[in-house]
Amino acid sequence: MDIAVIGAGAMGSAIARRLAENGARVLTYLEGRSAATIERAKIAGMEAVGLDAIAGAGLILSIVPPANAIAVAEQVAAAIRRHGTKTTFIDCNAISPQTMMQVASIFGSDRGVVLDGSIIGGPPKTGQKGPKLYVSGDAADSSAVLAEHGLQVRRIDGPIGAASALKMCYAGINKGVTGLGTAMLLAAIRSGADEALKRELQESLPDLDAKLVNAIPDMYPKAYRWVAEMEEISEFLGDDDPAALIFKGMAGLYRKMAADREGGGLLAGQLDRLNNR
């Protein structure tokens with residue numbers, strides 16, 4: 001079976017490499033992508049093809065920024081209809097259950113199976129198992145082929161939306177803590193309390209301090225991608241949950257960090273100096 005992976009970013013290309021290393025033929029679609037992305041896909045063993053060939057693959061994974069999930073689903077669904085085939089499409093993006101239902105509705109019931117997937121963990125590395133791909137709505141165990149080709153797949157006994165809900169909850173905790181730490185460290189720097197806060201974190205919350213020392217620099221180049229993810233978490237919680245406002249704020253924070261990176265990294269430099277004291 002050919003497996004198509006739409007998205008040749010850090011995660012998509014690493015997933016593709018793991019599949020290719022375990023014997024799969026991995027297809028991708030690269031029209032309009034940068035030279036760096038095309039080269040990354042080539043190194044990962046991905047074969048660039050047209051959308052009709054993507055539509056003919058037995059399994060299609062969408063691994064793109066959450067803001068692009070709907071557009072990719074529409075593009076792939078249109079190609080499947082033109083091709084006249086049926087396939088299995090797994091949306092692996094950090095989107096809310098509400099957005100996942102929109103993705104499923106784009107395909108309809110006559111063009112194969114749509115599954116809900118979520119990836120937890122960093123891109124796979126040689127000699128390591130991760131990340132985990134959680135899949136829900138998979139009564140026929142269509143995702144088993146991915147486990148056969150080297151991925152760590154965990155099925156959730158739940159409908160479409162369950163895997164996305166898991167991702168929203170996990171990312172809300174993990175990336176929410178990173179955002180909270182970033183916001184408070186910047187506030188401490190502005191107020192002249194940064195050295196005292198850093199010392200107190202090291203003394204009374206050493207595990208949290210160690211997490212932030214690693215998580216904040218890791219977040220910085222990805223902040224632009226986390227904006228839409230925080231907005232998806234806010235939508236997941238719903239307007240009647242006051243906590244939804246927290247994640248609207250987190251989206252704004254990550255938007256600010258992304259702008260800082262484009263503008264020369266003043267805030268990142270301050271955080272780096274503080275974390276390395």
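From a predicted model like this one, the values you see are computed outputs, not experimental measurements.

1. Quick notes on the overall build of the protein
Helix and strand counts for the protein stand at 12 helices and 8 strands. The C-alpha radius of gyration computed for the protein amounts to 20 Å, which stays within 12% of the reference 19 Å derived for 277 residues, consistent with globular compactness. Along the first, second and third principal axes, the C-alpha atoms of the protein reach 65 × 45 × 30 Å. Among the 277 residues that make up the protein, the fraction classed as buried is 48%. The contacts of the protein with a sequence gap of at least 6 include a subset with a gap of at least 24, amounting to 68%. Counting only carbon and sulfur atoms, one obtains 54% of the accessible surface of the protein, whose full area is about 13000 Å². The average position of the 29 basic charges and that of the 31 acidic charges among the side chains of the protein differ by 4 Å.

2. Quick notes on the domain arrangement of the protein
Once the domains are mapped, the protein shows domain 1 (2–159) and domain 2 (165–276). A C-alpha centroid distance of 29 Å is found between domain 1 and domain 2. Listed per partner, the contact involves 14 residues of domain 1 and 11 residues of domain 2. Carbon and sulfur atoms make up 67% of the area that domain 1 and domain 2 hide from each other, which totals about 1100 Å². At the boundary of domain 1 with domain 2, the tally comes to 0 salt bridges. Here domain 1 is connected to domain 2 by 5 residue pairs in polar contact (both at pLDDT 80 or more). Looking at the side of domain 1 that touches domain 2, the elements with two or more residues in it are helix 5 (97–107) and strand 6 (112–120).

3. Let's talk about the sheet that holds strand 6
Whenever strands of a sheet pair, they do so through backbone hydrogen bonds, lying parallel or antiparallel. Strands sit in the order 3-2-1-4-5-6-7-8 across an open sheet of 8 strands; the sheet is mixed. The two strands at the open ends of the sheet, each matched to only one other strand, are strand 3 (47–48) and strand 8 (152–156). Bridge count for strand 4 (residues 59–62) against strand 5 (residues 87–91) is 4 bridges, and the pairing is parallel. Bridge pairing links S62 to D91 in strand 5. Contacts from helix 1 (residues 10–21) reach strand 1 (2–6), strand 2 (25–28), strand 4 and strand 6, with the element oriented near 165° to strand 1. Its contacts with the sheet put helix 7 (residues 162–191) on strand 6, strand 7 (132–136) and strand 8, and the angle it makes with strand 6 is roughly 15°.

4. Thoughts on the environment of G112
Within the secondary structure, G112 is located in strand 6. For G112, a relative accessible area of 25% translates into the label partly exposed. When the C-alpha atoms of G112 and R225 are compared, they prove to be 30 Å apart, with 113 residues separating the residues in sequence. The contact partners of G112, leaving out residues within four places of it in the chain, are K86 and T87.

5. So, the packing of helix 11 (residues 243–262) against helix 12 (residues 266–275)
Here helix 11 crosses helix 12 at 100°, and the two axes come no closer than 7 Å. On the basis of the axis angle, helix 11 is roughly perpendicular to helix 12. Touching K256, M257 and D260 of helix 11 are L266, L267, A268 and L271, all from helix 12. Looking at the contact of helix 11 with helix 12, its residues break down into 5 nonpolar, no polar and 2 charged.

6. Focus on the pattern of salt bridges
Enumeration according to the criterion identifies 8 salt bridges in this entry. Across the pair D209 and K198 runs a salt bridge whose closest N-O atoms are separated by 2.7 Å. With a gap of 11 residues between them, D209 in helix 9 (residues 206–219) and K198 in helix 8 (residues 194–204) connect regions that are remote in the sequence. The exposure classification of D209 matches that of K198, with both residues buried. Put simply, E231 and R255 hold a salt bridge, and the shortest N to O gap is 2.9 Å. Of this pair, E231 sits in helix 10 (residues 223–237) while R255 sits in helix 11, and the two are 24 residues apart along the sequence. Overlapping salt bridges bring together D2, R25 and E47 as one network.

7. What to know about helix 7
Across its 30 residues, helix 7 extends 42 Å between first and last C-alpha, which sits within 8% of the 44 Å expected from 1.5 Å per residue. A maximum bend of about 25° is found in helix 7 at G172. Within two residues after helix 7, G192 carries a phi angle of roughly 80°, on the positive side.

Cut-offs and rules
- Residues numbered from 1 in each chain as written.
- Predicted model: local features only at pLDDT ≥ 70, side-chain atom pairs only at ≥ 80, totals over all residues.
- Heavy atoms only, no water.
- Helix = DSSP H or I, 4+ residues; strand = E, 2+ residues; numbered from the N terminus.
- Rg over C-alpha atoms; globule rule 2.2 N^0.38 Å.
- Buried < 20%, exposed > 50% of the residue type's maximum accessible area, 1.4 Å probe, protein only.
- Contact = heavy atoms within 4.5 Å.
- Areas by Shrake-Rupley, 256 points an atom, 1.4 Å probe, with all protein chains shown as cover.
- Lys, Arg positive; Asp, Glu negative; His and termini not counted.
- Charge placed at Lys NZ, Arg CZ, Asp CG, Glu CD.
- Domains from an automatic or database assignment.
- Buried area = accessible area lost by both parts, 1.4 Å probe.
- Salt bridge = Lys/Arg side-chain N within 4 Å of Asp/Glu carboxyl O.
- Polar contact = N/O pair within 3.5 Å; in protein donor to acceptor, adjacent residues only side chain to side chain.
- Pairing = 2+ DSSP bridges.
- Axes fitted to C-alpha atoms, helices over the stretch in contact; angles between N-to-C directions.
- Parallel < 35°, antiparallel > 145°, perpendicular 65-115°, else oblique.
- Nonpolar A, V, L, I, M, F, W, Y, C, P; charged D, E, K, R; others polar.
- Expected span 1.5 Å × (residues − 1).
- Bend = angle between axes of the 7 residues up to and from the residue.

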